[in-house]
Each structure stands twice: as structure tokens, then as C-alpha cells.
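Chain residues, written in single-letter form:
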Amino acid sequence: MTDRQTPSLELDALLVEASRDGGPFSTACSARLDALEAFPAEACRVLDDFGLPRHFVPAALGGRLDDMFELMQLLRVVARRDLTVAIAYGKTFLGSAPIWVAGRPEQAAWLAGQVGAATMVTWALTERHHGSDLLAGELSAAPETHGWRLQGQKWLINNATRAPLVCLLARTDAAGGPRGFTLFLVDKRQLTADSFTCLPKERTHGIRGADISGIAFHGAPLRADAVVGAAGSGIEVVLKTMQLTRTACVSLSLGAGDHALRLAANFIQRRGTHGRRLGELPNVRWCLGRAATGQLLCEAVSLVAARSIHALPDEMSVVAAITKAFVPTVADEVIAQAGELLGARAVLMDEHADGMFQKLERDHRIVGIFDGSTVVNRNGLINQFPLLARAYREGRWNADGVGVAVSPSRPLPALDTTRLSLLSRQGCSLVQSVPEAVRELRQGNTGTPLLDDLAQAFEAATSDVVAELAACKPSSRDVPAEAFELAWRYELCFAGAACLRLWLCRAVDRHHAASGDPLWRDAIWVSACLAHVLTLLGRPAEGDPAYEQVAEVLLTLKEGQSLTLLASGTDPERQP
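Cut-off values and rules
- Residues numbered from 1 in each chain as written.
- Predicted model: local features only at pLDDT ≥ 70, side-chain atom pairs only at ≥ 80, totals over all residues.
- Heavy atoms only, no water.
- Phe/Tyr/Trp six-rings, centres within 6.5 Å; stacked < 30°, edge-to-face > 60°.
- Helix = DSSP H or I, 4+ residues; strand = E, 2+ residues; numbered from the N terminus.
- Buried < 20%, exposed > 50% of the residue type's maximum accessible area, 1.4 Å probe, protein only.
- Salt bridge = Lys/Arg side-chain N within 4 Å of Asp/Glu carboxyl O.
- Core = buried A, V, L, I, M, F, W, Y, C linked by side-chain atoms within 4.5 Å.
- Contact = heavy atoms within 4.5 Å.
- Axes fitted to C-alpha atoms, helices over the stretch in contact; angles between N-to-C directions.
- Parallel < 35°, antiparallel > 145°, perpendicular 65-115°, else oblique.
- Left-handed = near helix turned anticlockwise from the far one by under 90°.
- Nonpolar A, V, L, I, M, F, W, Y, C, P; charged D, E, K, R; others polar.
- pLDDT = per-residue confidence, 0-100.

Engineer: Requested: an account of the packing of aromatic side chains, with residues and values cited.
Structural biologist: Taken as a whole and assessed by the stated rule, the structure comprises 7 aromatic pairs. Taken together, a centroid distance of 5.7 Å and an interplanar angle of 10° make the contact between W503 and W520 stacked. Taken as a pair, W503 in helix α17 (residues 481–508) and W520 in the loop between α17 and α18 (524–536) lie far apart in primary sequence, 17 residues in all. Assessed through its relative accessible area of 11%, W520 is described here as buried. Geometrically, the ring pair formed by W520 and W525 is edge-to-face, given 5.2 Å between the ring centres and 65° between the ring planes. Across this residue pair, the class does not change: W520 and W525 are buried. Joined through ring pairs, the aromatic side chains of F56, Y89 and F93 make up one cluster.

Next up, the structure:
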């Protein structure tokens, strides 16, 4: 072991200091800015000084982004303190990612320098009358002799006013269609004052201090080199980029879940009734453990998805859609269950922790909407049902890719965005590996009798879900509600498979074989998670899930610690 810390631990230590005495990350400061609907500029400067923008830039371009899960952990650290800050700050990654995917080398190199110097970048896709229907977008870019001319508006854009750089989608063919749109990187600093207008900030229920506004262009001239990728490739580039950004977005849900569980755990440890602490009551511990199990499911899915960007990039059209639909949905439940434990204090503005719970509950509602709503992501998954069913039935899966995706201590391949694809011809290797995973568990004797039974029940449930996928006939119009429910059930299969594979990996990993992490003893977390998945699939196992045991681990954490599958570290060589 060495004294070198991971970037997320370094940032966490910095934010602890920035939370003291009314500092920019203190609950008092967050509550005050929320009430004033004021932008958290001072908190953003703390992150600038830390150098967080360099983690938005790929290592190949001189940045520090060589592990998507590490980036997610950094954003999670911010989100567990203030979602408004995390959402406002993280937008620069979303705005720059299209250039990492499709930009010219000189364009990407220039932007890398800008982002590394903490210049804000925003991504402008949506319009007032069209929402997530990108093919209906009206903002246009007309070709001219030496470039293009922008006309129209983008609306409900995070940092539209504050960001000097805007990556936007424009209609470049009057007929529209999949090849009728192009992405442009616009530098507002190079435009004349009369060629664009920043639209007023919109008042929002959550993330009240964020700059949620818009921008209007009035014949703004752009140089020819403002194009990102090829002219007409905008929709394709957006869809590929979202495989990165949708995955990164769930770090916000992880942070919100951390925060909600900490508030609930602190409350029940200090509050009593009839001479007993709430944390001693079995029903309270059961409820807390159920919420904590949901959080562990979210982390398992997020970890495997983030590593899949490196290990299984050609399957990310499926993996990203699953992750962005599943994690915010389950995190909403985690937050709601934590709120039930807090009771009235969940809605009070000042009584408990400066009203942080009601703020995070409001703030988190937006996560399931941006970068493609849950419905949009499930619709994208539904379109690939035939591929998923066929690949599972044929028993084919990328064993090497899955092995890297579920092994936190293994080195990752370099990020290769050229391998991103609009459809996953391979299907979803993680889910397709479930029968083999169950065999490995049984033959390797790496579980417990309870885990063996849960795994066999999960394999049967997964097989049933895939059979329903095969019988479902996707339609581009009038998609039945049953198909969206089936997509949710397939997401649960992915979540269970992630848990099972992570458990198997740890059981044989030399770094973790002798771990004393209490979550991993007696297969507590994986048994609770698989039982939870089976319950949500409508096939609950006999007996109560190990929720109370998970709650016990949560309640014994030290001040400032969060429940995580990586409590003992991704790699012992990188621990403090």
C-alpha cells in the first residue's frame, strides 16, 4: 500500500474542508443559494481549483479521463453534497463529449485546452416545442460560401447563458430526417452581440440555482470548421455520444442516494421512541436495509456500465439505455424510502440538516429526464428486443469483455469511441452470461446455500423474461405499455447479472479474496440484491431478504463514509 489517494478520495477530502463553517459546500450555503435561486459560483470555483475539468478530457488529448467509472466517482462525490452543483458543473462533460466522439483532431485538441482551463461547454439539443423529438428541431444552419449561418432557438439548456462554448444540433436539410442534422461547436465569444440572445433563466422546482435557460441565434455566422463530424451526421453522433453521457449521468443518482441514506441513517440513530433508538427497531432496520439494497443495485449497474464503455463499447447502445432508465428509477425509490424514515423532516426546509433532504428530492427528479428520459431509453431498448432475444437463445457472449467490465482491479482498454455503434449486434453479453455465471457459482463453491438458490431462481426468471422479449414485436409507432414494462424487467435482469458477476469476480480476485469488508461476508450484499431483483420481478424467494444485515453495515459506517461495494477499494495498491 502507498499513501497515494484516488482522485475521488482527494476531492472528497477537499469538499469536507469546503463544507466547514458555512463554506461553499456547507448545507447552510446550499440551502441559502437554493432559496435565492442563485448559481453556486463559489462551489464551482472550488472544483476548478481542484482541476476537475481535466477529468472531462480524454487522456489521449492530455487530460485525465482514462476510466469512466473514476469520472463517475468524482461527480458522485460532488452530487452527494449538492446535486445543483454537480448538474451545473458536469454539463461541460456532456457538451464536450460529442467532440471526443466525432471531432477533427485539431478541433478536439483545441477544445481539450479550453476544457482543461475550466471553460464551460454546454450541449444544446432541445427546443421549446419539440422536447426530445430531435428530428423535429427547427433551429437551422444554412450553408454559405465560407461557412454557415445559424437561425433559431434552443431552450431549457443547462448553462446556455453562462457557457462560452455551445455544441448544438441544427437542421441542415430542410427535409430533415436522420441525415438532415449537423452538430456545430459554437464559440459565443466570436459572435457579434446582435447575432445571438441569451434567453431568460427559467424557474424550476429543483436545481433552482442552475442556469436553465436558452439561446436564440439571429443569422449568426459560423466558420466552416465549426462542424463536428461530417455534415448530416448530427443525429448519429448525438446517439453515440449519449452512450457515454447517459452512463455518466447516473453518477448524480448515486450521489443523491448516498446523501439520502446518510440523512436517514443519522436520523434514526439519534431519534428514539419508548426508550429505544429507531435504529434498534426491526421494522425500521428492514426499511433502511431495503433502501440501501436498492442503492447497491444502482452502484453495481453503474460500475459495470462504466467499465463496459471501455470493455464492450459495441454493446453500449443497450447498456447505456438500461443504465439511464434503471438507476434514476431505483434511486427515486431509495430517496422515497429514506424519506419515509425521516417522516415530517423530509419536507421541512430548516428543521433537519438545513432542509437538505427536500432539496435533494426535488433536485433528483430532473436526472430521469435529461439526456433522454426513462421512456426514451426504454423505447430504444425495445427496438433491440429481437437482437437481445436471439443472442441469448444462441448462448453467445463476449467473455473477455464481460471479464474486464466486472473486474474493478483489472486494467481497462483505452477509450475507443470509434467502436460505439447504434445497434448491438452482440446483444447484451452480461445478461447472456447468466447461465454460465450460475454454473460457475455452483461448480466453484463460491457462494452460500442461500445464494445458490437465489442464483438458480434468477436464471429461471431471466430465461422467462428473454422468452417474452422474443414474443414481443417492436413497432416504431404505438408501442404498447406492456413493452415498456418488459424493458424494465430486462433492466432487472441486467442488474441481477451485474451483481452475480461482480460477486464471482471478487471471489477469485487475489486482491479481494481475504477482504474483511462486512458487506462481502457471507454473501450479504449479493444475496440481498438478488432477492430484491426477484421480488421486483414478481418472483420473491422464500424468507426475508437480508435487508437488516445490509442496514447493520450502513449503521456502523463512520461519519462521512458512504455505503459502497468498493469500501475496501477498487485496488488496494491505490488506497490511502
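Engineer: Lay out unusual backbone geometry in plain terms, naming residues and giving numbers.
Structural biologist: A positive phi angle is found at E37, which is not glycine, with a value near 55°. Structurally, E37 can be placed in the loop between α2 (27–36) and α3 (41–50). Judged by relative accessible area, E37 falls into the partly exposed class, the value being 21%. Positive phi is not limited to glycine here, since I207 has a value of about 35°. The residue I207 is located in the loop between β6 (196–199) and β7 (212–223) in this model.

Engineer: Would you mind going over the pattern of salt bridges in detail, with residue names and values included?
Structural biologist: A pair can form between side chains of opposite charge whenever their charged atoms are brought close. The tally for this structure, following the rule as stated, stands at 27 salt bridges. The partner of R80 in a salt bridge is D12, and the shortest N-O contact between them spans 3.8 Å. With R80 in the loop between α4 (68–79) and α5 (83–102) and D12 in helix α1 (residues 7–17), this residue pair connects regions lying 68 residues apart in the sequence. In this structure R80 comes out as buried when scored by relative accessible area, which is 12%. Among the salt bridges present, the one from E361 reaches R365, with a minimum N-O distance of 2.9 Å.

Engineer: Can you break down the nonpolar core residue by residue, with the values?
Structural biologist: Among soluble globular proteins, nonpolar side chains are generally buried collectively. One finds Y490 and W525 to be the most contacted residues of the largest nonpolar core, which totals 175 residues. A total of 18 residues in this core trace back to one element, the largest contributor, which is helix α7 (residues 234–270). When residues no more than four places from it in sequence are discounted, the contact partners of W525 are L296, C499, L502, W503, L519, W520 and L565. One finds A124, A170, I215 and L222 within the second-largest nonpolar core, a separate group that totals 20 residues.

Engineer: Which residues make up the packing of α18 against helix α19 (residues 547–555), and what are the values?
Structural biologist: Closest axis-to-axis distance for the α18/α19 pair is 9 Å, and the angle between their directions is 130°. One finds that α18 runs oblique with respect to α19. When you trace α18 past α19, the crossing you get is left-handed. Where α18 approaches α19, its residues I524, A528 and H532 are matched on the opposing element by Y547, Q549 and V550. Class assignment of the residues belonging to the contact of α18 with α19 gives a composition of 4 nonpolar, 2 polar and no charged.

Engineer: A description of helix α12 (residues 385–394) should follow, citing residues and the corresponding values.
Structural biologist: Buried residues of α12: F385, L387, L388, A389, A391 and Y392, and no others. Once α12 finishes, G395 follows within two positions and takes phi at roughly 70°, a positive value.

Engineer: Mind laying out the confidence of the model for the chain, listing which residues take part and the relevant values?
Structural biologist: In the predicted model, the chain carries a mean pLDDT of 93, and the fraction of residues at 70 or more is 95%. Overall, residues 568–576 carries pLDDT values under 50, and its contacts beyond four positions in sequence, including any with other chains, amount to 30 contacts.

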